[in-house]
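Fold and contact review
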Amino acid sequence: MAKPKVTPINITILGKEFQVASPESEHQKLLQAASFLDKRMKEIRESGKVLGLERIAVMAALNLSYELLNSPTLDSDEANEIEQRLSHMSQKIDQALKHSEQIELTDS
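Note that this is a predicted model, so its numbers are computed, not measured. (Residues numbered from 1 in each chain as written. Predicted model: local features only at pLDDT ≥ 70, side-chain atom pairs only at ≥ 80, totals over all residues. Heavy atoms only, no water.)

Structural notes on the environment of lysine 92
Where we set the bar: Helix and strand labels come from DSSP, where a helix needs a run of H or I of at least four residues and a strand needs a run of E of at least two; each type is numbered from the N terminus. The contact criterion used throughout is that any non-hydrogen atoms of two residues lie within 4.5 Å.
Within the fold, lysine 92 resides in helix H3 (residues 76-107). Lysine 92 sits 73 residues away from glutamine 19 along the chain, and the two C-alpha atoms are 9.5 Å apart. Ignoring sequence-local partners within four residues, the contact set of lysine 92 consists of Val20 and Ala21.

Okay, here's the thing in structure tokens:
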């Protein structure tokens, strides 16, 4: 069976654009996830309790992970799959943030 075609897609979170490689069939879901995350991160930023993009991202990820893992409708297999996906997304976000920081450093 052929692997799905992976292409980059641009997502915007807190006004910053990130490029993420994703199967084309998943682009719409990824855009929805990015929009949802952007909303959550804006709520955290606007609360004034957390400063800095990285800390806001960590708090949003922690809140979402907690909500998903404590959902009464999840079985352990679903929870494990969600944990793996969140870990993978976290790695992609870390890479994008590092890349963004490198661009900011070279632009100076």
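Concerning the packing of helix H1 (residues 27-47) against helix H2 (residues 53-69)
A packed helix pair is summarised by two numbers, namely the angle formed by the two axes and the spacing between the axes. Put simply, the rule is: For helices, the fitted axis covers only the stretch in contact; all axes are lines through C-alpha atoms, and the angles between them, taken along N-to-C directions, range from 0 to 180 degrees. In this scheme, a crossing is called left-handed if the near helix is turned counterclockwise away from the far one by less than a right angle; it is called right-handed if the turn is clockwise. For this classification, the nonpolar set comprises Ala, Val, Leu, Ile, Met, Phe, Trp, Tyr, Cys and Pro, the charged set comprises Asp, Glu, Lys and Arg, and every other residue, Gly included, is treated as polar.
Look at H1 against H2: their axes get within 9 Å of each other, and the N-to-C directions meet at 115°. Both H1 and H2 take part in a crossing whose hand is right-handed. Residues Phe36, Leu37, Arg40, Met41, Ile44 and Arg45 of H1 lie in contact with H2, whose contacting residues are Leu53, Ile56, Ala57, Met59, Ala60, Asn63, Leu64 and Glu67. Counted by class, the contact of H1 with H2 contains 10 nonpolar, one polar and three charged residues.

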